Amino acid sequence: MNELEKEFERLVKQHKTTIYTVCYMFSDDTDEVNDYFQETLINLWNGFSKFRHESSPQTWIWRVSMNTCISADRKKRSRGQSVPLTMDIDLFADTDDENRQVKMLYDRIHSLNLIDRAIVLLWLENLSYDEIGQIVGISTKNVSVRLVRIREQLKNNNSKK
């Protein structure tokens with residue numbers, strides 16, 4: 001294994017959780033999440049030798065992960081809906097109040113458009129507005145405005161239920 005491969009492997013190990021977090025925000029299907037993860041790794045590897053360190057590696061990984069998942073999600077939507085083959089019951093579902101609340105929050109976040117979903121994810125990861133703006137490709141002020149609008153939208157969705 002050469003030095004470039006070793007450095008890439010170290011970077012992926014260090015930021016694996018970040019990549020999976022992004023992938024899980026775009027799908028709740030394990031196979032699809034794994035596909036997103038693999039596609040993200042391919043895109044990271046393809047861009048790794050060109051990474052100029054103008055931003056932190058974490059910011060670069062967030063951006064590549066988000067763009068990969070957004071692109072894959074758009075492709076999936078353009079193909080149309082498929083009919084999943086599933087059982088009628090989920091034997092592993094948690095039914096306590098805390099898990100129901102987490103599921104409700106997750107469902108509400110999934111109702112947002114892709115960019116807003118990405119912004120919420122980054123905000124939940126405690127990234128600064130500057131970092132969120134760099135990753136998503138918008139100004140810091142726009143991040144602030146969009147978060148206010150997203151909160152309003154989530155509140156309105158809550159009051160409709």
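From a predicted model like this one, the values you see are computed outputs, not experimental measurements.

What counts, and at which threshold
Numbering of residues begins from 1 in every chain and follows the order in which that chain's sequence is written. Thresholds applied to this predicted model are a pLDDT of at least 70 for local features of residues and 80 or more for the giving and counting of side-chain atom pairs; totals over whole chains, interfaces and linings are not thresholded and use all residues. Side-chain figures throughout are based on the complete set of non-hydrogen atoms in the structure, without hydrogens or water. Stacked, tilted and edge-to-face are the three classes applied to pairs of Phe, Tyr and Trp rings, where Trp contributes its six-membered ring and a pair requires centres within 6.5 Å; stacked means planes under 30 degrees apart, edge-to-face means over 60, and tilted covers the rest. Starting at the N terminus, helices and strands are each numbered in turn, a helix being any DSSP run of H or I of at least four residues and a strand any DSSP run of E of at least two. Salt bridges, as used here, are contacts in which a Lys or Arg side-chain nitrogen is within 4 Å of a carboxyl oxygen on Asp or Glu.

### Overview of the packing of aromatic side chains
Counted under the stated rule, the structure contains seven aromatic pairs. Judged by centre distance (5.3 Å) and plane angle (65°), the ring pair of phenylalanine 8 and phenylalanine 48 falls under edge-to-face. Linking phenylalanine 8 in helix H1 (residues 3-26) with phenylalanine 48 in helix H2 (residues 30-48), this pair joins segments that are 40 residues apart in sequence. Of the aromatic side chains, those joined through ring pairs into one cluster are Phe8, Trp45, Phe48, Phe51 and Trp60.

### Looking at the pattern of salt bridges
Under the criterion given, the structure shown has six salt bridges. Its salt-bridge partner being glutamate 7, residue arginine 10 comes within 2.5 Å of it at the nearest N-O pair. Linking arginine 10 with glutamate 7, this pair stays in helix H1, spanning three residues, or about one helical turn. Where lysine 13 meets glutamate 9, a salt bridge forms, and the shortest distance between an N and an O atom there is 3.4 Å. Here lysine 13 and its partner glutamate 9 are both found in helix H1, four residues apart, which amounts to about one turn of the helix.

### Some points on unusual backbone geometry
Positive phi values are uncommon outside glycine, yet histidine 53 reaches one of about 60°. Mapped onto the elements, histidine 53 comes out in the loop between H2 and helix H3 (57-79). Its identity as a non-glycine residue notwithstanding, asparagine 126 has a phi of 65°, on the positive side. Here asparagine 126 is to be found in the loop between helix H5 (114-124) and helix H6 (129-136).

Function cannot be inferred from these measures alone, as they are strictly geometric.
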